[in-house]
Amino acid sequence: MRDFIQALPKTETHLHVEGALPYELLVQLDPGRWRPDPDFRARSYRYASFPDFERILLEHALPWFTSAERYHEAARLMFAQHAARNVRYVETSFHLPVTRFINVPGPEIIAAIRSAAPAGLEVRVFAGMLRTDFEGELRPVIDRLHEWQDLSGVDLHGHEVQATPRDAAAVWARLRAAGKVTKCHAGEFDGAERVREAIEVLGVRRIQHGVRAIEDPAVVRLAAERGITFDVCPLSNVGLRVVPALRDHPIRRLMAAGVRCTVSTDDPLCFANSVNDEYAALVEELGFSRAELASVAKAGWEVADVPSAAREAMVASINRIAVAT
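Below you will find a few notes about this structure. From a predicted model like this one, the values you see are computed outputs, not experimental measurements. (Residues numbered from 1 in each chain as written. Predicted model: local features only at pLDDT ≥ 70, side-chain atom pairs only at ≥ 80, totals over all residues. Heavy atoms only, no water.)

## Focus: the pairing of strand β3 (residues 122-130)
Point 1. Burial analysis of β3 places eight of its nine residues in the buried class, the great majority of the element.
Point 2. Where β3 meets strand β4 (residues 153-157), five bridges bridge the pair, whose relative direction is parallel. The residue bridging Met129 from the neighbouring strand is Leu156, located in β4. (Buried < 20%, exposed > 50% of the residue type's maximum accessible area, 1.4 Å probe, protein only. Helix = DSSP H or I, 4+ residues; strand = E, 2+ residues; numbered from the N terminus. Pairing = 2+ DSSP bridges.)

So, in structure tokens, the structure goes:
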């Protein structure tokens, strides 16, 4: 089965670049400060809360991400690891407030990340921001994001206890009109109504996580009818206690209800996971078949920002691999 997973041409469509910092770079940076095997990277580790998770992530990521060059170096190793696991397409977001922390313009960070992609790996870069950023010093930047040529899209992320700003819908609509893809984290730490809000108010077709939509059959139907994609991160959902255990994860039920689900890693710095690990966990804990894994892989290509010929070629390749095995 692991050979089958490796053979599938896969996508990664929910990845935070700061949360994907290869941990070995920290160890190399300061071996006295960063030990090779911290407790939080064990598969059995469970974060006490989202603030606890966020604290650990920032404590480890911010010492590294101090320049555009550091973004490039981290992305170069990160993307090499993707390529080694036959991931062919990546959508990754950088945390927009970091541009203020390190005084580096967002377009420079985007260029640094994109230039790190090896041949054969398509990379699309998104700007991620918190709901609270709409009312702070970043607002002028947010209002000009539609002008950033190499920006593929935007993502509203962070803890869902924060209310969605009233004018976020207008901003997201303006970005879509400029050809940007709009995403929103919803249905992770809050319930199905936040998924409904993301679809009906923000107008997104790409929801990061979305798994708690399962709590309301009407929201699941809405997502299926509107052709919404949930970019799901199963191991993250377990580590952050969104679900008690992977065997309780609703991904199969969502797929059976007609919701397109991709599978990604979220924050490998904090979960020590890869896309292949995510696929393998679906097999080991949920009994996913080869056909189900192939469906997940095809879902990623169905939403990938690639020419139709490339999409069709990847889907055909997945079909051939599924039949051959």
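## With respect to the packing of helix α4 (residues 68-84) against helix α6 (residues 106-114)
Point 1. Interaxial distance between α4 and α6 falls to 7 Å at its minimum, and their mutual angle equals 30 degrees. Considered as vectors, α4 and α6 are oriented roughly parallel to each other. Handedness of the crossing formed by α4 with α6: right-handed. On the side of α4, the interface is formed by Ala68, Tyr71, His72, Ala75 and Phe79, while α6 contributes Glu108, Ile109, Ala112 and Ile113.
Point 2. Classifying every residue of the contact of α4 with α6 by side-chain character gives seven nonpolar, one polar and one charged. (Axes fitted to C-alpha atoms, helices over the stretch in contact; angles between N-to-C directions. Parallel < 35°, antiparallel > 145°, perpendicular 65-115°, else oblique. Left-handed = near helix turned anticlockwise from the far one by under 90°. Contact = heavy atoms within 4.5 Å. Nonpolar A, V, L, I, M, F, W, Y, C, P; charged D, E, K, R; others polar.)

## Describing the packing of aromatic side chains
Point 1. Under the definition given, this model contains 10 aromatic pairs.
Point 2. With 4.9 Å between their ring centres and 80 degrees between their planes, Tyr45 and Tyr47 make a pair best called edge-to-face.
Point 3. Classification of Tyr45 by relative accessible area gives partly exposed; the value is 25%.
Point 4. Taking relative accessible area as the criterion, Tyr47 reaches 1% and is therefore assigned buried.
Point 5. Pairing Tyr47 with Phe53 gives two aromatic rings, centres 5.3 Å apart and planes at 85 degrees, and the pair type is edge-to-face.
Point 6. Taking the relative accessible area as the measure of exposure, Phe53 reaches 5% and is therefore buried.
Point 7. An aromatic cluster of three or more residues is present, and its members are Tyr45, Tyr47, Phe50, Phe53, Phe189 and Phe271. (Phe/Tyr/Trp six-rings, centres within 6.5 Å; stacked < 30°, edge-to-face > 60°.)

## Overview of the sheet that holds strand β1 (residues 10-16)
Point 1. The strand order across the open sheet built from eight strands is β1-β2-β3-β4-β5-β6-β7-β8, with neighbouring strands paired in parallel fashion. The sheet is open, and its two borders are formed by β1 and β8 (260-263), each paired with just one other strand. Averaged over all neighbouring strand pairs, the angle between strand axes comes to 25 degrees, with direction disregarded.
Point 2. In this structure, strand β6 (residues 206-209) lies alongside strand β7 (residues 229-232), joined through three bridges in parallel fashion. Note on β7: the bridge partner recorded for Arg206 is Thr229.

## Description of the side chain of Thr13
Point 1. Structurally, the position occupied by Thr13 is in strand β1.
Point 2. Separated by 2.9 Å, the side chains of Thr13 and Asp231 make a polar contact.
Point 3. Only 2.9 Å separates the side chain of Thr13 from the side chain of Thr262, close enough to count as a polar contact.
Point 4. Ignoring any residue separated from it by four or fewer positions in sequence, one finds Thr13 in contact with Tyr89, Glu91, Lys183, Arg206, Gln208, Asp231, Thr262 and Ser264. (Polar contact = N/O pair within 3.5 Å; in protein donor to acceptor, adjacent residues only side chain to side chain.)

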